Amino acid sequence: MENIKKKIELAFQLHQKGSLNEAKKIYAEIISKNADHSEALMLQGTLFLQLNLLVDAEKSLLKSIQINNDHFLAHQNLGLVYIKNDNWKEALQCLTRAIQLAPENFNTLYYRAKTLIELNLFDAAMIDLNKTISLNPDFAEAYHSRGIIFYKLQNFNEANLDFKKSHSIDPNFADNYFYFGLIAIDLKSWDEAIRQLNTAIN
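Rules used in this analysis
Residues numbered from 1 in each chain as written. Predicted model: local features only at pLDDT ≥ 70, side-chain atom pairs only at ≥ 80, totals over all residues. Heavy atoms only, no water. Axes fitted to C-alpha atoms, helices over the stretch in contact; angles between N-to-C directions. Helix = DSSP H or I, 4+ residues; strand = E, 2+ residues; numbered from the N terminus. Parallel < 35°, antiparallel > 145°, perpendicular 65-115°, else oblique. Left-handed = near helix turned anticlockwise from the far one by under 90°. Contact = heavy atoms within 4.5 Å. Phe/Tyr/Trp six-rings, centres within 6.5 Å; stacked < 30°, edge-to-face > 60°. Buried < 20%, exposed > 50% of the residue type's maximum accessible area, 1.4 Å probe, protein only. Salt bridge = Lys/Arg side-chain N within 4 Å of Asp/Glu carboxyl O. Expected span 1.5 Å × (residues − 1). Polar contact = N/O pair within 3.5 Å; in protein donor to acceptor, adjacent residues only side chain to side chain.

Notes on the packing of helix H6 (residues 88–101) against helix H7 (residues 106–118)
Here's step 1: Look at H6 against H7: their axes get within 9 Å of each other, and the N-to-C directions meet at 150°. The orientation of H6 relative to H7 falls into the category roughly antiparallel. Considering how the two elements wind past one another, H6 and H7 form a crossing that is left-handed. When H6 is examined against H7, the residues Trp 88, Ala 91, Leu 92, Leu 95, Thr 96, Ala 98 and Ile 99 are found in contact with a partner set consisting of Thr 108, Leu 109, Tyr 111, Arg 112, Thr 115, Leu 116 and Glu 118.

Digging into the packing of aromatic side chains
Centre-to-centre distance and the angle between the planes together describe a pair of aromatic rings.
Here's step 1: This model, assessed by the stated rule, comprises nine aromatic pairs.
Here's step 2: Centroid distance Phe 178 to Tyr 179: 5.4 Å. Interplanar angle 85°. Geometry classified as edge-to-face.
Here's step 3: A relative accessible area of 37% means that Phe 178 is categorised as partly exposed.

Overview of the pattern of salt bridges
Here's step 1: Taken as a whole, this structure holds seven salt bridges when the rule is applied.
Here's step 2: Here Glu 29 ties to Lys 7 by a salt bridge, and the two come within 2.5 Å at their closest N and O atoms. Placement of Glu 29 in helix H2 (residues 20–33) and of Lys 7 in helix H1 (residues 2–17) is noted, with a sequence separation of 22 residues between them.
Here's step 3: On the accessibility criterion, Glu 29 (31% relative accessible area) is partly exposed.
Here's step 4: Among the residues examined, Lys 7 registers a relative accessible area of 23% and is labelled partly exposed.
Here's step 5: Notably, a salt bridge pairs Lys 131 with Glu 104, separated by 3.3 Å at the nearest N-O pair.

So, the side chain of His 37
Here's step 1: Looking at where His 37 falls in the secondary structure, it is placed in the loop between H2 and helix H3 (38–50).
Here's step 2: Here His 37 falls in the buried class, since its relative accessible area comes to 19%.
Here's step 3: Once residues within four sequence positions are removed from consideration, His 37 is found in contact with Ile 4, Ile 8 and Ile 67.

Things to note about H7
Here's step 1: Between the first and last C-alpha of H7 there are 19 Å, a value that for 13 residues agrees with the 18 Å anticipated at 1.5 Å per step.
Here's step 2: The elements touched by buried residues of H7 are helix H5 (72–84), H6, helix H8 (122–135) and helix H9 (140–152).
Here's step 3: Capping the start of H7 is the job of one residue whose side-chain oxygen sits 3.2 Å from the backbone nitrogen of Asn 107: Asn 105.
Here's step 4: Positive backbone phi, at 60°, marks Asn 120, one or two positions downstream of H7.

Overview of unusual backbone geometry
Here's step 1: Of note in the backbone geometry, Asn 120 takes a positive phi value of approximately 60° without being a glycine.
Here's step 2: Here Asn 120 lies in the loop between H7 and H8.
Here's step 3: Given a relative accessible area of 53%, Asn 120 falls into the exposed group.
Here's step 4: In the Ramachandran plot, Lys 188 falls in the positive-phi region, its phi being about 60° despite a non-glycine side chain.
Here's step 5: Within the secondary structure layout, Lys 188 lies in the loop between helix H11 (175–186) and helix H12 (190–201).

Points about the environment of Ser 166
Here's step 1: Tracing the backbone through its elements, the reader meets Ser 166 in helix H10 (residues 156–169).
Here's step 2: Considering only alpha carbons, one finds Ser 166 and Leu 182, 16 residues apart in sequence, at a separation of 16 Å.
Here's step 3: With near-sequence residues (within four places) excluded, Ser 166 lies in contact with Ala 140, Tyr 143, His 144, Phe 173 and Asn 176.

Observations concerning the environment of Leu 129
Here's step 1: Residue position: Leu 129 is located in helix H8.
Here's step 2: When the C-alpha atoms of Leu 129 and Lys 114 are compared, they prove to be 8.9 Å apart, with 15 residues separating the residues in sequence.
Here's step 3: Beyond its immediate chain neighbours, meaning those up to four positions away, Leu 129 contacts Tyr 110, Ala 113, Ile 117, Ala 142, Ser 145, Arg 146 and Ile 149.

Some remarks on H5
Here's step 1: Taking 1.5 Å of rise per residue, 13 residues should cover 18 Å, and H5 covers 19 Å from first to last C-alpha, within 8% of that figure.
Here's step 2: Most of H5 is tucked away, with eleven of its 13 residues classed as buried.
Here's step 3: Within H5 the residues assigned to the buried category are Phe 72, Ala 74, His 75, Gln 76, Asn 77, Leu 78, Gly 79, Leu 80, Val 81, Tyr 82 and Ile 83.
Here's step 4: In this structure, the buried side of H5 is in contact with H3, helix H4 (54–67), H6 and H7.
Here's step 5: Positive backbone phi, at 60°, marks Asp 86, one or two positions downstream of H5.

Here's what the structure looks like:
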């Protein structure tokens, strides 16, 4: 058991350093001898997700969850697999379970909010984004996503405030310029729309 722990630690260090192929080999070796090792399966699934091997990622993460249904990262990362597959309902289930296990994780709240937006469940998404921002007030993407909700609800003043806040945190986040342009179009400010959309493209 001690040897397995050391191998997982080595693989995880390689994983963090970006030596993904080396880490992948060690995870596979561990799992070949310990097929029910939920932590190794979770890490393997996470690595597959990073490599965009979504079928393999789903398989490893599902097996990890079958062994240990209380593994927060397995649920969260399986949710990210489903997001990449545009499988929003499955993503919502996984991320909700992850939040039950770690209610204060602002990244998971943000991922669920983005999923809820795709499902047009704006009220629920707004709750998650408000909590995300309260936990991490410097989360540019969270303000941007909340701005999208306000924009979809045609509340352009609130949308503009959130996009500006997102922009103040991360001036290089180009999607904000795109929405500045859309708002300008809706307000018939044509010159401003052209300027913002050109900035977004460039």
